[in-house]
Amino acid sequence: MNRHLVLTLAAFCLPSAAIAAPERSVTFAVSNLTCPTCPIAVKAAMGRVPGVTHVTVDFSTKIATVNYDPARATPAGIAAASTKVGYPARIAIR
């Protein structure tokens, strides 16, 4: 009986995984980047947000690009993480 219950639960769980929201990307303009090592702090702060899968920060353009799972993270939450460590971030229109 336990095996039947496990198989039934698995059948209900699999379809929801298949329809999960696809990963998204957002671009931020980041302020206060004054030296080439500042992007390291921004990348670390944004990367600690649950659901963030990849972060790149370009010092010369002051742009951060973040890939994230929209079920677990929001652009506002990602920007807040950067702002909290001294580098205000806002969504950039490209």
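Because the structure is a prediction, the values reported are computed rather than measured.

## Overview of helix H2 (residues 38–47)
- Listing the buried residues of H2 in full gives Cys38, Pro39, Val42, Ala45 and Met46. All buried residues of H2 lie within an arc of 130° about the axis, which places them on one face of the element.
- Against the buried residues of H2 lie strand S1 (24–30), strand S2 (52–58), strand S3 (63–68), helix H3 (75–84) and strand S4 (89–91).

## Some words on the packing of H2 against H3
- Remark: H2 packs on H3, axes separated minimally by 8 Å, with the N-to-C direction vectors making an angle of 135°. Overall, the two elements H2 and H3 adopt an arrangement that is oblique. The interaxial crossing formed by H2 with H3 has right-handed handedness. Contacts between H2 and H3 involve Val42, Ala45 and Met46 on the former and, on the latter, Ile78, Ala81 and Ser82.

## Concerning the state of the cysteines
- Per the stated rule, a full pass over the model turns up zero disulfides.
- Cysteine 35 carries a free sulfur, and the closest cysteine sulfur to it, the one in cysteine 38, is 3.5 Å from it.
- Note on cysteine 35: relative accessible area 27%, which makes it partly exposed.

Criteria and cut-off values
Residues numbered from 1 in each chain as written. Predicted model: local features only at pLDDT ≥ 70, side-chain atom pairs only at ≥ 80, totals over all residues. Heavy atoms only, no water. Buried < 20%, exposed > 50% of the residue type's maximum accessible area, 1.4 Å probe, protein only. Helix = DSSP H or I, 4+ residues; strand = E, 2+ residues; numbered from the N terminus. Arc of directions from axis to C-beta. Contact = heavy atoms within 4.5 Å. Axes fitted to C-alpha atoms, helices over the stretch in contact; angles between N-to-C directions. Parallel < 35°, antiparallel > 145°, perpendicular 65-115°, else oblique. Left-handed = near helix turned anticlockwise from the far one by under 90°. Disulfide = S-S within 2.5 Å.

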